[in-house]
Amino acid sequence: MGSEEVEIDGQLITVQMPVSHINVSDKHVTYSDASGPSSCTFSSPHIAQEFADWLRSQSV
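Along each chain, residue indices are assigned from 1 in the same order as the chain's sequence is written. The predicted origin of the model limits local features to residues at a pLDDT of at least 70 and limits the giving and counting of side-chain atom pairs to 80 or more, whereas totals for whole chains, interfaces and linings rest on all residues. Water and hydrogen atoms play no part in the side-chain values, which are based on all heavy atoms of the structure.

Trainee: Sorry, what's going on with the pattern of salt bridges here?
Mentor: When charged atoms on two side chains of opposite charge get close, those side chains can pair. Think of a salt bridge as a Lys or Arg side-chain nitrogen and an Asp or Glu carboxyl oxygen that are within 4 Å of each other. Scanning all chains against the criterion turns up one salt bridge. Measuring nitrogen to oxygen at the nearest pair gives 3.6 Å for the salt bridge that ties Arg56 to Asp53. Of this pair, Arg56 and Asp53 both sit in helix α1 (residues 45-58), separated by three residues, roughly a single helical turn. The class of Arg56 is partly exposed, set by a relative accessible area of 37%. Here the term buried applies to any residue with accessible area under 20% of the maximum for its type, exposed to any over 50%, and partly exposed to those in between, with areas from a 1.4 Å probe on protein chains only. Residue class for Asp53 comes out partly exposed when judged on its relative accessible area of 40%. Going along the chain from the N terminus, every DSSP run of H or I of four or more residues is numbered as a helix, and every run of E of two or more is numbered as a strand.

Trainee: What is the right way to read the sheet that holds strand β3 (residues 20-25) from this model?
Mentor: Strand pairing in a sheet relies on backbone hydrogen bonds. The paired strands run either parallel or antiparallel. Across the sheet, which stays open at both edges, the three strands sit in the order β3-β4-β5 with antiparallel pairing between neighbours. The outermost strands of the open sheet, each flanked by one partner alone, are β3 and β5 (36-41). With strand direction ignored, the average angle separating the axes of adjacent strands in the sheet is 15°. As defined by bridge partners, β3 adjoins strand β4 (residues 28-33) across four bridges and the pair is classed as antiparallel. By the bridge assignment, Ser20 is partnered in β4 with Ser32. Only strands that DSSP links by at least two bridges are regarded as paired with each other. Note on method: axes are straight lines fitted to C-alpha atoms, helices fitted across the in-contact stretch only, with angles between N-to-C directions ranging 0 to 180 degrees.

Trainee: Mind showing me how you'd approach unusual backbone geometry here?
Mentor: With the exception of glycine, the majority of residues adopt a negative phi angle, and the majority of peptide bonds are in the trans configuration. In this structure, Pro18 follows Met17 across a cis peptide bond, with omega equal to 0°. For Pro18, the location among the structural elements is in the loop between β2 (11-16) and β3. The phi dihedral of His21 falls on the positive side, at around 50°, and the residue is not glycine. Mapped onto the secondary structure, His21 falls in strand β3. Not every positive phi belongs to a glycine, and Asp26 is a case in point at roughly 60°.

Structure follows, in structure tokens:
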């Protein structure tokens, strides 16, 4: 698969598909993609959840 970029909360994040092991904890999202484990911290739990939802939509 390829890579996807998303700009969220002022961050440009590149994700190498496929994505797995998505976990949300408060403002922090951890996940594994083709390049290995990654994590992002956002300004609010709501934005962190939006990013996790976007990751899940890319995994389908």
